[in-house]
Amino acid sequence: MGIRFSVLASGSTGNAIYVESDQHRILIDAGLSGKKIEQCFQQINISPQSLDCIFVTHEHVDHIRGVGILARRYNLPIYANAKTWNAMNSALGELTTDQKFHFEIGEVKTFGDMDVESFGVSHDAAEPMFYTFHKEGRKLALITDTGYVSDRMKGVTKGANTFVFESNHDMDMLRMGKYPWNTKRRILGDEGHVSNVDAALALSDILSDDPVNVYLAHLSLDNNMKELARMTVQQTLEEKGFEVGKQVKLHDTDPVKATPLAVV
């Protein structure tokens, strides 16, 4: 069956993604409470008791809120790079030594029948990174929480059959919105978040002529809307010559509702 996945929750209030193969089940981030994560798993009829491990992308609370409790409750190992461990260790609560594993930027590790490659992103965290998953010629790329998409990031994610891709904010909504200027400047900066337009422009550099699914992720509750993100990305991709709906299929994600379990 290859790789299957669900975006359990995505947005400013909390993020979690589930990835599975026939041999391994991985939770990437747990930015909601343990109870809410378990409710998301119920929506896709998966028991968190069947998880094999948790990956952490970076130490911000909307990515680690439930990591410690889930690791203790289900006796799960946690993988993160050394700088992220140093930044988040105290926030996770008590863990045993055999639950703490390192996964550094640029490494490729094998988990069951999947190969996982980590790569760095540009965000205001200790050493943020995301992942691509590979099995039998199929590839899933996860990339959110980055102020821009560099050529290196484009190269690592290129060729994916499915993307979970940040489309955080609408530029006009952010500029005219209620956030203080320091917060706006952070979001708009190189270590902030990718806008709808910038997401589409980056995708236009990455995508080939092959069919692909793109899940628009990490939408701001205050400075974006699903319909606006989808419309902006669609319009920009079509201006670049892509057929949205045929060649490129766009999908929504949600802060509390899991996407259906899908094959990459």
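Note that this is a predicted model, so its numbers are computed, not measured. (Residues numbered from 1 in each chain as written. Predicted model: local features only at pLDDT ≥ 70, side-chain atom pairs only at ≥ 80, totals over all residues. Heavy atoms only, no water.)

## Some points on unusual backbone geometry
Note the threshold: Put simply, DSSP marks the helices as runs of H or I at least four residues long and the strands as runs of E at least two long, and each gets a number from the N terminus on.
A positive phi angle, close to 50°, is found at E136, a residue other than glycine. Looking at the secondary structure, you find E136 in the loop between β9 (129-135) and β10 (138-143).

## Thoughts on the pattern of salt bridges
Charged atoms that come close allow side chains of opposite charge to pair. To keep things clear, this is the line we draw: Any Lys or Arg side-chain nitrogen found within 4 Å of a carboxyl oxygen on Asp or Glu counts as a salt bridge. Working definition: with a 1.4 Å probe on protein chains only, accessible area under 20% of the residue-type maximum means buried, over 50% means exposed, and in between means partly exposed.
Following the criterion strictly, the structure yields 13 salt bridges and no others. With its nearest N and O atoms 3.0 Å apart, the salt bridge here joins K135 to D113. Taken as a pair, K135 in strand β9 and D113 in the loop between β7 (108-111) and β8 (114-120) lie far apart in primary sequence, 22 residues in all. Overall, the relative accessible area of 7% leaves K135 in the buried class. Through salt bridges that share partners, R4, E20, D22, R25, D113 and K135 make up one connected network.

## Quick word on the sheet that holds strand β11 (residues 162-166)
Worth spelling out the cut-off: Two strands pair if DSSP finds at least two bridges between them. Here an axis means a line fitted to C-alpha atoms, over the contact stretch when the element is a helix, while the angle between two N-to-C directions is reported on a 0 to 180 degree scale. For this analysis, residues touch if any pair of their heavy atoms sits within 4.5 Å.
Strand order in the open sheet formed by seven strands is β7-β8-β9-β10-β11-β12-β13, and the pairing between neighbours is mixed. Edge positions in the open sheet fall to β7 and β13 (248-251), since each of these has one partner strand only. When the angles between neighbouring strand axes are averaged without regard to direction, this sheet yields 20°. Bridge count between β11 and strand β12 (residues 212-217): five bridges; the pairing is parallel. Across the sheet, residue V164 finds its bridge partner in β12, namely Y215. Along the sheet, helix α8 (residues 196-206) contacts β11 and β12; its crossing angle with β11, the most-contacted strand, is approximately 150°. The strands touched by helix α9 (residues 226-239) within the sheet are β12 and β13, with β13 carrying the most contacts at an inclination of about 165°.

## Brief notes about the packing of aromatic side chains
As a reminder of what qualifies: Each aromatic pair joins two rings of Phe, Tyr and Trp (for Trp, the six-membered one) with centres within 6.5 Å, and gets the label stacked for planes under 30 degrees apart, edge-to-face for over 60, and tilted for any other angle. The criterion is that NZ of a Lys, or CZ of an Arg, lies within 6 Å of the ring centre and within 35 degrees of the ring normal, and then a charge sits over that ring.
Taken as a whole and judged by the stated rule, the model has 13 aromatic pairs. In textbook terms, an aromatic cluster arises when at least three aromatic residues are bridged by ring pairs, as seen for F55, Y79, F101, F103, F111, Y131 and F133. Cation over ring: K109 sits above F103, and NZ or CZ is 5.6 Å from the ring centre.

## Focus on the packing of helix α1 (residues 34-43) against helix α3 (residues 67-74)
The criterion, for reference: Angles below 35 degrees are treated as roughly parallel, those above 145 as roughly antiparallel, those between 65 and 115 as roughly perpendicular, and all remaining angles as oblique. Asp, Glu, Lys and Arg are counted as charged, while Ala, Val, Leu, Ile, Met, Phe, Trp, Tyr, Cys and Pro are counted as nonpolar; the rest, among them Gly, fall into the polar class.
Contact geometry for α1 and α3: axes closest at 8 Å, N-to-C directions at 70°. Overall, the two elements α1 and α3 adopt an arrangement that is roughly perpendicular. Of α3, the residues touching α1 (which contributes G34, I37 and E38) are I69, L70, R73 and Y74. Classifying every residue of the contact of α1 with α3 gives four nonpolar, one polar and two charged.

## Digging into the nonpolar core
Which entries qualify depends on this criterion: Here, nonpolar core means buried Ala, Val, Leu, Ile, Met, Phe, Trp, Tyr and Cys residues that are tied together by side-chain atoms lying within 4.5 Å of each other.
Grouped together as the largest cluster of nonpolar side chains are 53 residues, with contacts concentrated most on F55, F133, F163 and F165. For F133, the contacting residues outside a window of four places in its chain are I3, V19, I26, I28, F55, M114, D115, V116, R138, K139, L140 and L142. One finds A9, I54, V56 and Y74 within the second-largest nonpolar core, a separate group that totals 28 residues.

## Topic: the environment of D113
Residue class for D113 comes out partly exposed when judged on its relative accessible area of 22%. Placed 111 residues apart in sequence, D113 and G2 show a C-alpha to C-alpha distance of 9.1 Å. Aside from chain neighbours lying at most four places away, what touches D113 is S21, D22, Q23, H24, H134 and K135.

## Considerations on the side chain of S21
Take S21: it is sitting in the loop between β2 (16-20) and β3 (25-28). If we skip the residues at most four places from it in the chain, S21 touches G2, R4, D113, M114 and K135.

## Description of the side chain of T259
This is how it is decided: Here a polar contact is taken to be a pair of N or O atoms separated by no more than 3.5 Å, where protein atoms must pair a possible hydrogen donor with a possible acceptor and residues adjacent in sequence count only if both atoms sit in side chains.
Structurally, the position occupied by T259 is in the loop between β13 and β14 (262-263). Within the local environment of T259, its side chain forms a polar contact with the backbone nitrogen of V7, the two atoms lying 2.9 Å apart. In contact with T259, other than residues within four places in its own chain, are S6, V7, I44, Y215, D252 and T253.

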